[in-house]
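Topology and contacts: notes
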Amino acid sequence: MARGELTTRLRALLGTAAPIETTPDGVPRVAPRTTAECALLLRTASADGWRVRVTGAETWTPPDAPADLFLTTRALRGAGLVSAADLVATAETGVPLDTLRRAFADHGAWLALDAPGAPGRSLGSLLATATAGPLRAGFGLLRDQVLGLTLVTGDGRVVTVGGRVVKDVAGYDLAKLAVGSFGAFGVVTTVHLRLRAIPRADQTLVGTGRRDAVLDVARAILAGGLTPAALELMSPAAARTDAWTVAIRLVGTGDEVAADRAAVQQASPIPLVERTGADAAAFWQEMLDGGTAAPVTLRAGALPTGLEDALDLVALHLDEAVRDWLTVTVPAGTLRWSGAAGPDALIRFRDAAAAREWPVTIERAPWGTCLRLGHFGAYREGVHRLVTGLRSAFDPAGILVAPLSGNP
Amino acid sequence: MSALPHALDAVSGIVGPRWVRRRRAERETYASDGLPTLHALPAAVVLPASREEVVRVIRVLAHHGVPFVPRGAGTGLSGGALADPDAILLVLTRLDRILAIEPDDRRAVVEPGVVNARLSRAALPYGLQYAPDPSSQAACTIGGNVAENAGGPHCLKYGVTTNHILELDVVLPDGTEVVLGSPGGEAWGPDLVGLFVGSEGTFGVATAITVRLVPLAPAVRTLLADFDALRPAGEAVSAIIASGVVPAALEMMDRNCIRAVEASIYRAGYPTDAAAVLLVELDGRTDAAVADTAREVEQLLRAAGARQVAVAREARERERLWQGRKKAFGALGRLSPDLIVQDAVVPRTALPDVLEAIDAIGQRLGLTVSNVFHAGDGNLHPNITFDRRDAAERARVEQAAAEIMEVCLAAGGTITGEHGVGRDKLRYMPAMFDATTLGAMRDVRRAFDRAERANPGKVIPVHACREWRTGGWADGRSSDSTASPSAHPPTRPPAGAVSVEGGT
C-alpha cells in the first residue's frame, strides 16, 4: 500500500482529527490517544501486514528503522491516579519521566528508578529497554517497580495484568514478559507503578582514584554488609572528571542514613566527599544524561567478582583509550557503556562476554547495528524456540519491528 | 490401551522401583497439599534423585504423552500440587543439595528440594540470608517457592521470591533443557525468569535455582502494638507506610487468631482482650538508628489508637513474638478438624473496610474467621475453621470464601498474593481477567508446553473457555475436585480511567 493510501486509511480508522503526521522519510506516524485506538491500529496493521515501529520520545529508537508505520505513544499522556496513601500510581506510557517525577513528588512519593538518558525520555522507553540506573543497587530493576500493565498485542488484543496492589500472583506475570522486550510483544499503554515515600534523608558520597582503587572501595562497602541505594563506578567521561569515581547514595530516615554514612566512611580505604541537595542531584543527572550522548548504549550482566574482567573486556574491544561513558552498578555486577563502536567490535565484545555467561543487551544503536546484532544477540540453547513461540503468540503476523536476536 | 503402565515401567528403570510409589496407601500420602478441601489421587508418585533423572523421567513421560505435576514439600495452599489419576506426581524433595554459596557475589545455587530455612541457615555464617520467608519455611522448598512466587513477612522490605531469583536451569515438559536468566540476574533476552517464577509448575521443572542473598541487618527491634478495634490497627498500617519508614515486616493478627495462639503451646504473650495486634519489625545498621526509628513508629502507632506498644530488643523476646505469628496457622488448626487459609491482596488503605466486611461475612454465615496476615503489603489471610464432615458447614465455608474474594476484588484487590491459583482459585480467574487476557496466558503456557501436560488443569481455566468467552460464569475446576461450587461469582470493578495530562 502506498504511503498516501496508508495515511488515508489511518484517517478513516481514527477520524480526521487523529494525530497523524509524516516523518522526514515520508513514513506515516500516528499517535493513538487511547488503548482502544492503539488496539484498532494494531489489529488493522496485523490484518493488512503493515510493519510497525513503536516509538516514544524517539531518543531510544533508531529513526532509520524501516517500517510502513511509526506508532508513537506521545499522545498517551495520562499521569494521574497517584495514591500517596497506598504508594501506587497509574500512568500512560507516553508520559516523559520528568513529568511523572513531578507528579509523584506533588504527592510526597518517589519512583525509585533512575535511568540513563535525557530526563524527558518516555516511560514507555524505560519499559521497552528495561534500562536501569544506579538505584538498581538498592531498589532493583524497573520490573520490580511495575505492579501491572495493559499491553496491546501485535494483533491488537488488549491484555491487562496486575493492578494497584503491591503483591499479586494471580495468573502468569505477563508484565515481566513485556518489560524489557523492546516492544516485540506489543505496545504497553498503561502501567501501574510501585512508589515509595520521598526519603527524608538522601546523601551522596564520592571518591576518586584509579579504576581498581575505586572498585576496591565498592567491594569494601559490600564486604561490610551494606547495600546502599546506589553504589556506582563511573568512568572519567561519565563522571566528567579526570579520574575514575565511586559514588554512594544513601537514602532513608535521617538516623538510618547517618548510621550508613558512618559505616561507609569507615569501610572506605580512601576519603569520600559528601554531596547533598541540588548539588548531588545534578551530579547524578549529569552522569545519566551522558548515557545517550554517543550512538550506541549497551549493558552487560557480569558478577560483582568479575568486574575487573568485564572492564578489561570493554577496554579491549570497545574503548581502549578509556574515553567513553561507562558506569557499573557494583552490587548487581552490571556494566553500562555508551560509545561509537561499530558492529564488528560489538560482536567481539558480546562473544567474549557470552563465553563468560554474561549477557550483553544493545539498548540503542543505529538501525543497521540493531538489525545485525539484535538487542539480545544469540540466546542460550533452547531459549530461541521459547521466544519465537511467544512472539508468534503475541504478534502472529510479525508486524512489530523489533530485532531481538541477531543476524551476524 | 493406556500408555501409563509402560511409562511407569520405564520410569522405574530410571529412578529405581523404590522411588515409584504405586500402592494406593502410598499415593494417599500425596493426595492433598496444605489445602484440606481438595483431594486427588495421582496415578503414581515418582521421586527422582538428580537432574539427570528428572530429565530422563520427563522425556519418558513426554514420549508416552503422560501428564505430570511437579511437587515440592506439598505445603502449598491452593491445591496446585495435586495430580489426577491420569497423571504422575513428580516429587522433587530428593534434589536437596545446596550446590554453591558465593558470599562475595551474594548468591547461592540450590536444587529445588532444598528447604527454605535450611538455605538461610547455610548462608548465616557469611552474614547473609535468603530473604523470602513464608510461614512454612521450616518445611517448604525453594522449588515450591519459585513455582508459587512465595512471599512471607519480611517480603515487605526485601521483596518476594521473584525479586531474588537470578537464574534457572529448567527442564521443559518435552524434556528439553534450557537455562533462563544469567548468573548475575541480568535477563538474557525477554525476562523468562520473571515469567517462570509463579508459573505454578506449568512451564516445566527447575532443577537448579540461583538465588540472591542479602546481608543480615546487625540491629533489629520488634514492636508489638495492640488495639481495641480492627479499624485503627488498619489505619496504623497506612500511617507507617506513608511516613517513609520501611519496616522489615508489618503483620497483623485479629482477636480470634490472638486467642488461638495464646491457648496453644506457641503462646507469645499477646493480649487476649485486644481486637488486633500489629507486629512491626525494624532493622538497620546500628542499635541507635533502629531505636530512633522504633520511637517514631511507636508514636505513629499510639496516634492511630494503640493501647500499648511493647518493644522487644533481645533475640529471645523477638523470637517469642514471631513464634506466635509464624505458628498461628498451627494454633488455629487446634480449633477444629479443618482449616482453610485464604489469600487475597487489597490496597493498604482498604484494609479497615475489608476486615470489617470479612468479619460480617463470618458472623452472618456462623463461621469463625481468623485473620493473620501481611498487613504492610495488604496481603490478607482469612482463616476459616470448620469440620469437613459437616456438609452444610462446608457449603457455608465455600460461600464465605467466595464472598471474601468478592469483597477483595471490589476493593481493587487480587485473588491471591502469594499462594497461587492452583486448583482452588481457578473459579475466580474469570473475575480477575477478561477472556482476552486469559487467552494470552494460555498462549504463553503453550509456548512452554504445547500439549499442556505439565500440571494440567491449574492456573488457567481452559476447560471453561466457551463459558468465559461469552462473559458468563466459568467453573474451571476439574471433575475430581471435591470443592463445592461457589454461590456467586465475584466481580471486579473496571480499572479506573487514567486522566489526561496532569491527572488527578
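Position labels on residues start from 1 in each chain and follow its written sequence. Note on labels: chains are lettered from A, ligands numbered from 1, in written order. Predicted model: local features are reported for residues with pLDDT of at least 70 only, side-chain atom pairs are reported and counted for 80 or more only, and whole-chain, interface and lining totals are derived from all residues.

Next up on the list: the overall build of chain B. Runs of E in the DSSP output that reach at least two residues are strands. Runs of H or I that reach at least four are helices, and both are numbered from the N terminus. Per the secondary structure count, chain B includes 17 helices and 20 strands. Projected onto its principal axes, the C-alpha coordinates of chain B cover approximately 70 × 55 × 55 Å. Evaluated residue by residue, chain B yields a buried proportion of 61% over its 504 residues. Within chain B, counting contacts between residues at least 6 apart in sequence, those at least 24 apart form 72% of the total. We call a residue exposed when 12 or fewer other C-beta atoms sit within 10 Å of its C-beta, buried when the count reaches 20 or more, and partly exposed for counts in between; the C-beta positions come from the backbone. Here, residues touch in the contact sense if the C-beta positions derived from the backbone fall within 7 Å of one another.

Turning to the sheet that holds strand β2 (residues 28–30) of chain A, a few remarks are in order. All names here are of chain A. Two strands pair if DSSP finds at least two bridges between them. The mixed open sheet is built from four strands, whose spatial order is β1-β2-β4-β3. The sheet terminates laterally at β1 (20–22) and β3 (52–55), the two strands that pair on one side only. The mean angle between the axes of side-by-side strands here comes to 25°, regardless of whether they run parallel or antiparallel. Both β3 and strand β4 (residues 69–72) contribute to a ladder of four bridges, which runs parallel. Its bridge partner being in β4, Val 52 is matched across the sheet by Leu 69. Packing against the sheet, helix α1 (residues 3–14) makes contact with β1, β2 and β4, and its axis sits at approximately 20° to β2. Lines fitted to C-alpha atoms define the axes here, with helix axes fitted over just the stretch in contact, and angles between the N-to-C directions of these axes take values from 0 to 180 degrees.

This part takes up the domain arrangement of chain B. Note: interface size is frequently given as the accessible area lost on complex formation between the parts. All names here are of chain B. Domains assigned within chain B are domain 1 (4–91), domain 2 (105–215), domain 3 (219–331) and domain 4 (337–469). The C-alpha centroid of domain 3 is placed 28 Å from the C-alpha centroid of domain 2. Counting residues at the interface gives five residues for domain 2, matched by eight residues for domain 3. Each residue gets one label: Ala, Val, Leu, Ile, Met, Phe, Trp, Tyr, Cys and Pro are nonpolar, Asp, Glu, Lys and Arg are charged, and the others, such as Gly, are polar. Taken together, the residues of the side of domain 2 that touches domain 3 sort by class into two nonpolar, two polar and one charged. Bear in mind that the domain bounds are from an automatic or database domain assignment.

Residue and element names in this part refer to chain B. Within the secondary structure, Tyr 158 is located in helix α6 (residues 155–158). Its 20 C-beta neighbours within 10 Å are what place Tyr 158 among the buried residues. Other than its neighbours up to four places away in sequence, Tyr 158 contacts Ala 131 and Val 214.

If you look at the interface, chain B gives 79 residues, while chain A gives 76 residues. Taken together, the elements giving at least two residues each to the side of chain B that touches chain A come down to β9 (177–181), α7 (192–196), α8 (230–242), α10 (287–304), α15 (429–432) and α16 (435–448) of chain B. Sort the elements by how many residues they give to the side of chain B that touches chain A and α16(B) lands first, with eight residues. Tallied by class, residues from the side of chain B that touches chain A come to 31 nonpolar, 35 polar and 13 charged.

Residue and element names in this part refer to chain A. Per the domain assignment, the segments of chain A are domain 1 (3–72), domain 2 (82–197), domain 3 (201–289) and domain 4 (293–373). Taking only C-alpha atoms into account, the centre of domain 3 sits 23 Å from that of domain 4. Secondary structure elements with two or more residues in the side of domain 3 that touches domain 4: α7 (211–223), β13 (230–234) and α8 (236–239). When residues in the side of domain 3 that touches domain 4 are grouped by element, the largest group, five residues, is from α7. Looking at the side of domain 3 that touches domain 4 residue by residue, the classes come out as ten nonpolar, two polar and three charged.

Attention now goes to α7(A). It helps to recall that an α-helix has 3.6 residues per turn; residues three or four apart then point in one direction. All names here are of chain A. In this model, α7 (13 residues) spans 18 Å end to end at C-alpha, consistent with the 18 Å of a helix rising 1.5 Å per residue. For α7, the full list of buried residues reads Arg 211, Val 214, Leu 215, Val 217, Ala 218, Ile 221 and Leu 222. Along the axis of α7, the buried positions cluster into a sector of 150°, meaning they face one direction only. On its buried side, α7 packs onto β12 (201–209), β13, β14 (244–252), α9 (254–267) and α11 (307–317). Positive phi shows up at Gly 225, right after α7, with a value of about 80°. Given a helix with a known number of residues, its expected span is that number minus one, times 1.5 Å. It is the directions from the helix axis to the C-beta atoms that the arc portrays.

It is worth spelling out the sheet that holds β13(A) at this point. All names here are of chain A. Taken together, eight strands build an open sheet; the order of strands is β15-β12-β14-β13-β17-β18-β16-β19 and the sheet is antiparallel. The open sheet terminates on both sides in strands that have one partner only, identified here as β15 (273–276) and β19 (360–364). The sheet shows a mean angle of 20° between the axes of neighbouring strands, direction not considered. As defined by bridge partners, β12 adjoins β14 across nine bridges and the pair is classed as antiparallel.

Right, let's talk about the packing of helix α14 (residues 383–394) of chain A against α16(B) for a bit. Look at α14(A) against α16(B): their axes get within 9 Å of each other, and the N-to-C directions meet at 155°. It follows that α14(A) is roughly antiparallel to α16(B) by the angle criterion. Like other packed secondary-structure pairs, α14(A) and α16(B) cross with a definite hand, here right-handed. Contacts from A:Leu386, A:Gly389, A:Leu390 and A:Ala393 in α14(A) reach B:Asp443, B:Val444, B:Ala447 and B:Phe448 in α16(B). Of the residues belonging to the contact of α14(A) with α16(B), the class tally is six nonpolar, one polar and one charged. Every angle not falling under 35 degrees, over 145, or within 65 to 115 is termed oblique; those three ranges are roughly parallel, roughly antiparallel and roughly perpendicular. The crossing is said to be left-handed when, going from far helix to near helix, the turn is anticlockwise and less than a right angle, and right-handed when the turn is clockwise.

Note on terminology: a nonpolar core is a set of buried residues of type Ala, Val, Leu, Ile, Met, Phe, Trp, Tyr or Cys, with members joined through C-beta atoms within 7 Å. With 304 residues, the main nonpolar core has A:Val52, A:Leu174, B:Val46, B:Ile88 and B:Leu278 as its most contacted residues. Those residues in contact with B:Ile88, other than ones at most four positions away along the chain, are B:Pro42, B:Ala43, B:Ala44, B:Val46, B:Leu61, B:Val66, B:Phe68 and B:Ala83.

A few words now on helix α2 (residues 35–48) of chain A. All names here are of chain A. For α2, spanning 14 residues, the distance from its first C-alpha to its last is 20 Å, which sits close to the expected 20 Å at 1.5 Å a residue. Thr 35, Glu 37, Cys 38, Ala 39, Leu 41, Leu 42, Ala 45 and Ser 46 are the residues of α2 that are buried. Positive backbone phi, at 75°, marks Gly 49, one or two positions downstream of α2.

Let us look at the pairing of strand β8 (residues 146–153) of chain A. All names here are of chain A. Of all eight residues in β8, eight are buried, a share of seventy percent or more. Alignment of β8 against strand β10 (residues 186–194), held across seven bridges, turns out to be antiparallel. What sits directly across from Leu 149, in β10, is Val 191. Both β8 and strand β9 (residues 158–162) contribute to a ladder of five bridges, which runs antiparallel. Its bridge partner lying in β9, Val 152 is registered against Val 158. Connecting β8 to the antiparallel partner β9 that follows it, the hairpin turn spans four residues, and Gly 156 within it adopts a positive phi of roughly 85°.

To continue, consider unusual backbone geometry. Unlike most non-glycine residues, A:Glu357 shows phi in positive territory, near 65°. Note that A:Glu357 resides in the loop between α12 (343–355) and β19. Its identity is not glycine, yet B:Glu200 carries a phi of approximately 60°, on the positive side. For B:Glu200, the location among the structural elements is in the loop between α7 and β10 (205–212).

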